[in-house]
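# Reading the structure
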Amino acid sequence: MQRTTADIYQGAYGTTGSTWLMAIRGVVAIIFGIAALLWPGRTLLILVYLFGAFAIVDGILAAVASVQLRHLTNYWWIILLEGIFGIIIGIAAFALPGVTALALLFLVATWAILTGILELVSAFSGRAPVRREWAMGIAGVLSIVLGILLIAQPQAGLLTLVWLIGIYAIAWGFTLFVRAFQHREPHPPMPG
C-alpha cells in the first residue's frame, strides 16, 4: 500500500507523544523569524556565507573522494569535476554575495511553493476534519504566497526577502505551534 503525504504527516505528528516535535519546530521558526527581522542584513549575509562554506567543504570532500576512488572506477574524474565545481561556486559566493543572494532567493521561492503545495495536500486530504486541519492549510497558503511574491518581485530587494522570510517564519511557526496543540485534543478514530 502506497503512503500519501498526509499519511507521512499523520504518522510523524499523529500521536500525542510526538506533537512536541511540531511545537519545537514552531518555536524554532518563530525565533528564526524574529532574528531575521531584527538583523536583516546580517541574516542575508550569513545565509550566503553558510552556503559558500558548505559548497567549498563539500567540493573539497568530493575531490578527496574522487582521488581515493580512482583505483575503483574509471569515472572518478566526474566526482573530481563535481568537487572542483563546488569549490568554484563556494568561492564565488564569498566573492559575489549579491549574485549568490539572488540565486538563493529563487531557491527559497521554489522551496516555499513546493512546501506549500505539500502542506495543502496534507491539510485537505480528507484524513481528518477540516476544523482540525485549518492551521496546516494556512501554512500551505502562506508558503505558496511567499514563493510567488519572491519570484514576481525579485527587484524589490534582497533585504525585503529577509523580511518576508522572517514574517513567514513567524507565521508558519505560530501555525505549527497551534497545530501541535490541536493534536493534543482528543478526537474520534478515523473511519476505515
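Structure report, in brief. Everything numeric here is computed off the predicted structure, so don't read it as measured data. (Residues numbered from 1 in each chain as written. Predicted model: local features only at pLDDT ≥ 70, side-chain atom pairs only at ≥ 80, totals over all residues. Heavy atoms only, no water.)

## Focus on a nonpolar patch on the surface
Taken together, the side chains of Y75, W77, I78, L81, I84 and I88 define a hydrophobic patch exposed on the protein surface, amounting to about 620 Å² of accessible area. For I84, a relative accessible area of 38% puts it in the partly exposed group. (Patch = residues over 30% accessible without salt bridge, like charges linked within 9 Å, V, L, I, M, F, W, Y side chains within 5 Å. Areas by Shrake-Rupley, 256 points an atom, 1.4 Å probe, with all protein chains shown as cover. Salt bridge = Lys/Arg side-chain N within 4 Å of Asp/Glu carboxyl O. Buried < 20%, exposed > 50% of the residue type's maximum accessible area, 1.4 Å probe, protein only.)

## Some points on the environment of I167
Tracing the backbone through its elements, the reader meets I167 in helix α7 (residues 158-184). Taking relative accessible area as the criterion, I167 reaches 47% and is therefore assigned partly exposed. Measuring from C-alpha to C-alpha, the distance between I167 and I34 comes to 7.9 Å, with 133 residues separating the pair along the chain. (Helix = DSSP H or I, 4+ residues; strand = E, 2+ residues; numbered from the N terminus.)

## Remarks on the nonpolar core
The biggest cluster of nonpolar side chains holds 24 residues, and the ones touching the most others in it are L150, L158, L161 and W172. Of all the secondary-structure elements, those providing two or more residues to this core are α2 (19-38), α3 (40-69), α5 (97-123), α6 (130-152) and α7. (Core = buried A, V, L, I, M, F, W, Y, C linked by side-chain atoms within 4.5 Å.)

## Considering α2
When the terminal C-alpha atoms of α2 are compared, their 29 Å separation across 20 residues agrees well with the 28 Å that a helix rising 1.5 Å per residue should span. Within α2 the residues assigned to the buried category are T19, M22, A23, G26, A29, G33 and A36. One side of α2 holds all its buried residues, which, seen down the axis, span an arc of 150 degrees. Of the residues in α2, the exposed ones pointing more than 90 degrees away from the buried face are V28, I31 and L38. (Expected span 1.5 Å × (residues − 1). Arc of directions from axis to C-beta.)

Nothing here speaks to function; it is geometry throughout.
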